[in-house]
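Observations on the model geometry
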Amino acid sequence: MEWHQTRCFVFDTTPLMPLQPLPRACPPQLSCHQPPVIERSLFHEIMQQESSPLCAIDITPDLRKQFAYLSGGRGQNGSPIIVFPEFPAFGEIQEREFHNVLTYLTSIPSLSAAGVGFILVIDRRQDRWAAVKGTLLRIAGSFPGNLQLVLVLRPTTLFQRTLSDILFKFNKDEFKMKVPMIMLSSVTELHSYIDRTQLTTELGGTQEYCHEKWISHRTAIEGFALMVKRTAQILQSFGTELAETELPNDIQATSNLLGTHINKKSKMKEDLLVALGQGSRLLESINEPVVRDPDHNMNQDELENLATVQRLLSQLNETERAFDEFWERHKTKLEQCLLLRHFEHNYREVRCLLDQVAQRLTAFSEVGISPAHADHIFRELSSHEERVCVLDRAQALAREGDELIQNTHYAEDSIQPKCIELRAVNEELSTYLRAKKDHLLRAIELHHSLERAAKWCDDGIYLLASQPVDKCQSHDGAESALQEIERYLDTAGQNKLTDPSAICRDYETVLNLEFRKVFQKQVSMQEMFEKRRVSLKKLAAKHTRPVQPVAPRPEAIKSPLSSPVDTHPVVCSQVEGQLQSNRSASMSEEDENLAILRKHVMNELLETERAYVEELLCVLQGYASEMDNPAMASLMPIPLQNKKDVLFGNMPEIYHFHKRTFLRELEEYEDCPELVGRCFLERMTDLQIYEKYCQNKPRSESLWRQCSDCSFFQECQKKLEHKLGLDSYLLKPVQRITKYQLLLKELLKYSKGCEGSEDLQEALTSILGILKAVNDSMHLIAITGYDGNMGDLGRLLMQGSFSVWTEHKKGHAKVKDLARFKPMQRHLFLHEKALLFCKRREENGEGYEKAPSYSFKQSLNMSAVGITENAKGDNKKFEVWCNSREEVYIVQAPTSEVKTTWVKEIRKVLTTQLEAYRGRQGICLPVSSSCLLSPFRRGERSMKEKKGEPSSPDANSCSFPKTKGEQRVREGRRILPYNIKNAQTPPPFNWVQC
């Protein structure tokens, strides 16, 4: 990312109203990231009007009453004159109106003029002394400016004039004015204090004054000043936006940004032109009297207004000029940015093409296996060189970058390295291409040499094979054959590979196995020729018994390197070794991939664990701690007070466990993710704290819904800068305990056969058990109507919905309840010590409040319960009974699997109780579920014994101590629930009928 470092405007946003002649006050200055484009003082002049809440348009109704006005006249020392004309209802003017008008009038003159002090002319010629006194007292009590002189035109009637003279002398001190107050009898006396040219015609002067026109001018001037201020603020905001603009990184975004800024600039320009037009019209309006009458003399206030408007127009023109200069620099910057993005885009494309060319050239690494093959590769390379134009494009792009640098582009440091790299890569590829062509040319040359040498060897072998053996036995024949060999050897200069070291030196880069084969063939052939020459020379020197030499066949002479007998075992061994290596590499690669996957899952586990701990800390500090903050108490609603434990549950306990213990232990397994199951197993008991949190969640959710819109939560969320509300973070622990089983499943999937996989499986099973317990507990807390303590029932083992029928016995007659064609729908809760029957109620509410509720109906003590696993021939039904089947509950599960699970769990509870009783009584009895039989089954076996039928031992047989209770079982009597507290003999236990 790049940041736009263009310099910006600096405008002061001090309010302009009411407008004052410049300069008046020094307003606060705004800072900017960059130096201003033009002098700060120029913009300060636009904004240096005194801050005041009053302007003409705000108090126009009060000004129109004209009980006081600023005529524009001046005293001899330049004091502004405020006239209080005849106004019979002066006493009825409200204090607010009086104060606003005088405050506004005294704020209009310049500081220098206001500092001299105001001259007040109070005209009360047609009034009474009481009005004069009231006016003076009101002015003395609330005049907001400095006073220099107060001139009062007293009443003209004889009585009131006399009364005014007398009472003025006696009440003079009452007015508490520190400036002279002069009572005047006529306007003639007034002219001795103020020149007639500075007075209006009502006071005998020559100055023309129209109050409505004055209000109109003041409103227009202040409106124009406000427009100038707003224009300056808009320019300041726009200038800051431009200066702080982050330059985009792609062509489209840069182009869009340039278009957007151009549109905004056009709008700014329109606003400037509108302001200049309004200022020009206002200037014409102020100059209208002079244009109409060249001899017209403007008063001081009109001259100051004229100067103010002229100066504002001048400043606007200067602002327009400076803004245009600033815009040109900014526009140039954006245009350069757009050119840079095009350059970077083209650079990436060309760089990618250059990489492709380099990769393609590597395909020409072969030197061929024959002259024709090498020549074909050379032609392909030449053709590829002609088709490739990316090298020219890279040169052109480098020249384009040079032009950008020459045009003083701001990103010279970024462009220049790319141009250097383009030229370097281009030169490297060109050099490589030339070297490759030279390499192939040398390969072609070597191939031709090898071809000639191979052909020469083949010709020599053929020559040896074609010489007739019988002719060589004679002297002449031997001489003739020897001469043929000599002639052939004379042709070796052009065809023979003479110096292998020189060839290796000259053709080192293109040597291949073919050279070794040919050279070995040449050596073998020369050895054969040498042997033949020796033999022939001996034959030519003396006659011996003919020898039958065997002429070698050309195809029989082969290089040892190409012998199949020699190479086959080596090749086979290499192939087998390669296959074995591939298999080992494949297995190693698979293990490595699984290790990487395990590492990824472990990283996710650790990263999410750290984030989870930080989120819990943030909630506890940003919300829970703030509930104890006295400064936030006023924002907390009454239902939320003292409810921190309800809202957050045991979240602090969860946080401390994860922060101090669990996270640290998990980090110890970072390098061996497959063993992290041990950490979960060791802390499985601690993780059960989530059950308590989830049990409290409905209460927390209800409290949150009740107070979620309160200012307290909004303020806390604002401080934390959270986008989500507290309820999202209160759900984090529930989401976290669920996340563990997903991560463990992933780890287990990638850890098959690894050390620790069994621990992972056990940890996953335990986590799923915790989730089941949490789910069961959420149902458990929804039970209503149970008078006892749920904690006394032991741990909740299972819960679920079933169809239930009931049967009862009365006396010896078995009587069913009223016929039920439709069973009762009950939700059963199996605890360690009791089985609860509840009725599920309709769900209502939202969120956690939508959880179902259960009405308690009946409870069976597990110490008096027996079961029959199969009932009524239905594989989904089983019986739960007590009191020797006086109460029987036929329970139908949704599926046979659910029934099997419940029967197994109930049998486990009964077996556990039996073993616990044995431990307390010291009785040694067989531990077998087959011993837990129905009394009816035992009665059947007793009857067989009485009849003399042998009772063969089977799986259902077991022996008990000869106790009174046992004797009742053997006789088949009905057993009542047994009270262990009063037992002297073993109880009848709990019976399971199969």
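Residues numbered from 1 in each chain as written. Predicted model: local features only at pLDDT ≥ 70, side-chain atom pairs only at ≥ 80, totals over all residues. Heavy atoms only, no water.

1. Section: helix α3 (residues 95–107)
In an α-helix, one turn spans 3.6 residues, which is why side chains three or four residues apart end up on the same side. Over its 13 residues, α3 extends 18 Å from the first C-alpha to the last, a length consistent with the 18 Å expected when each residue adds 1.5 Å. All of the buried residues in α3 are Glu-97, Phe-98, Asn-100, Val-101, Leu-102, Tyr-104, Leu-105, Thr-106 and Ser-107. Residues of α3 that are buried make contact with α2 (60–64), β2 (69–74), β3 (80–84), β4 (118–123), α5 (129–142) and α8 (211–243). (Helix = DSSP H or I, 4+ residues; strand = E, 2+ residues; numbered from the N terminus. Expected span 1.5 Å × (residues − 1). Buried < 20%, exposed > 50% of the residue type's maximum accessible area, 1.4 Å probe, protein only. Contact = heavy atoms within 4.5 Å.)

2. Some details on the environment of Lys-697
Note on placement: Lys-697 falls in helix α22 (residues 689–707). A relative accessible area of 2% means that Lys-697 is categorised as buried. As a C-alpha pair, Lys-697 and Met-778 span 81 residues in sequence and 8.9 Å in three-dimensional space.

3. Here we look at helix α23 (residues 711–720)
Taken together, the buried positions of α23 are Phe-712, Phe-713 and Cys-716. Projected onto a plane normal to the axis of α23, the buried residues spread over an arc of 95° and lie on a single side. Glu-721, located one to two residues past α23, shows a positive phi value of around 60°. (Arc of directions from axis to C-beta.)

4. A closer look at the nonpolar core
Among the nonpolar cores identified, the biggest contains 60 residues, and Leu-647, Phe-648, Val-676, Phe-680 and Phe-713 are the most heavily contacted of them. At 11 residues, helix α18 (residues 564–624) tops the list of elements feeding residues into this core. Among all residues touching Val-676, those that are not within four sequence positions of it are Met-602, Leu-605, Leu-666, Tyr-669, Leu-747 and Leu-760. (Core = buried A, V, L, I, M, F, W, Y, C linked by side-chain atoms within 4.5 Å.)

5. Here's the deal with the pattern of salt bridges
This model, assessed by the stated rule, comprises 39 salt bridges. Among the ionic pairs, Glu-604 bridges to Lys-739, the shortest N-O distance being 3.2 Å. Of this pair, Glu-604 sits in helix α18 while Lys-739 sits in helix α25 (residues 732–749), and the two are 135 residues apart along the sequence. Judged by relative accessible area, which is 27%, Lys-739 ranks as partly exposed. As a salt-bridge pair, Glu-615 and Lys-732 come within 3.7 Å of each other at their nearest N and O atoms. Residue Glu-615 is located in helix α18, and its partner Lys-732 is located in helix α25; the two are separated by 117 residues in the primary sequence. When its relative accessible area of 26% is taken as the criterion, Glu-615 is described as partly exposed. (Salt bridge = Lys/Arg side-chain N within 4 Å of Asp/Glu carboxyl O.)

6. Comments concerning the sheet that holds β4
Strand order in the open sheet formed by 5 strands is β2-β3-β4-β5-β6, and the pairing between neighbours is mixed. For this open sheet the edge positions go to β2 and β6 (181–184), each flanked by a neighbour on one side alone. Put simply, the sheet's adjacent strands are angled 25° from each other on average, direction ignored. In this sheet, β4 lies alongside β3 in parallel orientation, the contact comprising 4 bridges. Bridge pairing in β4 links Ile-81 to Ile-119. Along the sheet, α3 contacts β2, β3 and β4; its crossing angle with β3, the most-contacted strand, is approximately 155°. (Pairing = 2+ DSSP bridges. Axes fitted to C-alpha atoms, helices over the stretch in contact; angles between N-to-C directions.)

Spatial relationships are all this shows, so hold off on functional conclusions.
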